[in-house]
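Each chain is listed here by its residues.
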Amino acid sequence: MTAWQWVKLVGNFLNLTTVAGLLVGVVGRARFSRGPRGLFFANGYKLGFPVAGAFTIGNVVLSKHERSYFDNPALVRHEERHSWQYFCLIGLPMLPLYVVAVVVSFLLTGDPASRNPFERLADLKEGGYVERPIQPIGKTVTQAFSVLKSRPKGP
């Protein structure tokens, strides 16, 4: 690890985001392992929220997938950039800001990542995202409701 990665590791422990990430992993019954660059991997995360292949809280990268999911160096770089975002925003304030960014991106494009500055700064492509163009809000609303209407009903 570089000196800056040590600073981020310690900083994200002090701002409590890594501690929060570890707690979320424990609640989600994940298996923990050390990753590169000061990251911790929490694989086999069992909770259904958030709906993502992986998500980062502090220096903890949580995923419902197995450890091999992180064999992709581009994905690890993407998630590490999110850990830097927690460090730069002094911790947990990133969570509500991220939620706002998801909503704005969804309203603009129908996609939670395309215009989300956190995902863009972490590199959309390395995170496995496809950039969607801005579209009229009416189209976004229509798409959202058509998805809801097409979901199966009943038990």
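Please read these numbers as outputs of a predicted model, since none were measured by experiment.

So, how was this worked out
For every chain, the first residue of the written sequence is number 1, and numbering continues from 1 onward in sequence order. Local features are withheld for residues below a pLDDT of 70 in this predicted model, meaning they are given only at 70 or higher, and side-chain atom pairs are given and counted only at 80 or more; totals for whole chains, interfaces and linings count all residues. Remark: hydrogens and water are excluded; side-chain values derive from all non-hydrogen atoms of the structure. Secondary structure elements are defined from DSSP: runs of H or I of at least 4 residues count as helices, runs of E of at least 2 residues count as strands, and each element is numbered from the N terminus. Each residue's exposure class comes from its accessible area (1.4 Å probe, protein chains only) as a fraction of the maximum for that residue type: buried when under 20%, exposed when over 50%, partly exposed otherwise. Axis geometry follows a simple rule: fit a line to the C-alpha atoms, using only the stretch in contact for helices, then measure angles between N-to-C directions, giving values from 0 to 180 degrees. Roughly parallel means an angle under 35 degrees; roughly antiparallel means over 145; roughly perpendicular covers 65 to 115; every other angle is labelled oblique. In this scheme the crossing of two helices becomes right-handed for a clockwise turn of the near helix relative to the far one and left-handed for an anticlockwise turn of less than a right angle. The criterion used for residue contact is that any of the two residues' heavy atoms lie within 4.5 Å. For this scheme, ten residues count as nonpolar: Ala, Val, Leu, Ile, Met, Phe, Trp, Tyr, Cys and Pro. Four count as charged, namely Asp, Glu, Lys and Arg, and the remainder, Gly too, count as polar. Nine residue types can take part in a nonpolar core, namely buried Ala, Val, Leu, Ile, Met, Phe, Trp, Tyr and Cys, and a core is a set of them joined through side-chain atoms within 4.5 Å. UniProt positions are given in the numbering used here, feature names are shortened, and annotations may be inferred rather than shown by experiment. Centre distance within 6.5 Å is the pairing criterion for rings of Phe, Tyr and Trp, where only the six-membered ring of Trp is used; planes under 30 degrees apart are then read as stacked, over 60 as edge-to-face, and the remainder as tilted. Salt bridges are defined by distance alone: a side-chain nitrogen of Lys or Arg within 4 Å of a carboxyl oxygen of Asp or Glu.

## Things to note about unusual backbone geometry
Across residues other than glycine, the phi torsion is negative in most instances, and most of the peptide bonds are trans. In this structure, the amide linkage connecting Phe49 to the following residue, Pro50, adopts the cis form with an omega of -5°. With phi around 75°, Leu16 is a residue other than glycine that occupies positive phi space. Turning to its location among the elements, Leu16 is positioned in the loop between α1 (3–14) and α2 (17–27). Owing to a relative accessible area of 49%, Leu16 belongs among the partly exposed residues under this scheme. In this structure, Ile90 is a non-glycine residue whose phi angle is positive, near 55°. Summarising the element assignment, Ile90 is placed in the loop between α3 (73–88) and α4 (94–109).

## Brief notes about the packing of α1 against α3
Running from amino to carboxyl end, α1 crosses α3 at an angle of 60°, the nearest separation of the two axes being 9 Å. Classified by the interaxial angle, the pair formed by α1 and α3 is oblique. Where α1 crosses over α3, the handedness of that crossing is left-handed. Together, Trp4, Gln5, Val7, Lys8, Gly11 and Asn12 of α1 and Glu80, Ser83, Trp84, Tyr86 and Phe87 of α3 make up the contact between the two elements. Along the lines of polarity and charge, the residues of the contact of α1 with α3 split into five nonpolar, four polar and two charged.

## Some words on the nonpolar core
In this structure, Ala42, Tyr45, Phe55, Ile57, Val60 and Leu62 are the most contacted members of the largest nonpolar core, which totals 13 residues. For this core, the elements supplying multiple residues, two or more each, are β2 (40–43), β3 (54–57), β4 (60–63) and α4. Among residues more than four places away in sequence, those in contact with Ile57 are Thr17, Thr18, Ala20, Gly21, Val24, Leu62 and Tyr86. Membership of the second largest hydrophobic core comes to seven residues, among which are Phe41, Phe70, Leu75 and Val76.

## Topic: the UniProt feature "transmembrane region" (unreviewed entry) in the protein chain
The UniProt feature table records "transmembrane region" (unreviewed entry) at residues 12–32, 44–63 and 83–108. The span residues 12–32 shows a helical share of 67% and a strand share of 10%, and its end C-alpha atoms are spaced 17 Å apart.

## With respect to the packing of aromatic side chains
Going through the model one piece at a time under the given rule, you end up with six aromatic pairs. Seen in terms of ring centroids, Tyr69 and Phe70 are 5.4 Å apart; in terms of plane orientation they differ by 80°. Their pairing is edge-to-face. Residues Trp84 and Phe87 carry aromatic rings whose centres are separated by 5.7 Å and whose planes lie at 90° to one another, so their mutual orientation is edge-to-face. In this pair, Trp84 and Phe87 both sit in helix α3, three residues apart, roughly one turn of the helix. Trp84 gets classed as partly exposed once you look at its relative accessible area, which sits at 23%.

## Here we look at the pattern of salt bridges
A side chain of one charge can pair with a side chain of the opposite charge if their charged atoms are brought near each other. This model, assessed by the stated rule, comprises seven salt bridges. Here Arg77 and Glu126 are joined by a salt bridge, their closest N and O atoms 2.7 Å apart. Of this pair, Arg77 sits in helix α3 while Glu126 sits in the loop between α5 (117–121) and α6 (137–150); the two residues are 49 residues apart in sequence, bridging distant segments of the chain. Where salt bridges share partners, they join Lys8, Arg37 and Glu80 into one cluster.

## Regarding the environment of Tyr98
With respect to the helices, strands and loops of the structure, Tyr98 is situated in helix α4. For Tyr98, a relative accessible area of 23% corresponds to the partly exposed category. Spatially, the C-alpha atom of Tyr98 lies 9.1 Å from that of Glu119, the residues being 21 residues apart in sequence. The residues contacting Tyr98, other than those within four sequence positions of it, are Asn116, Phe118 and Glu119.

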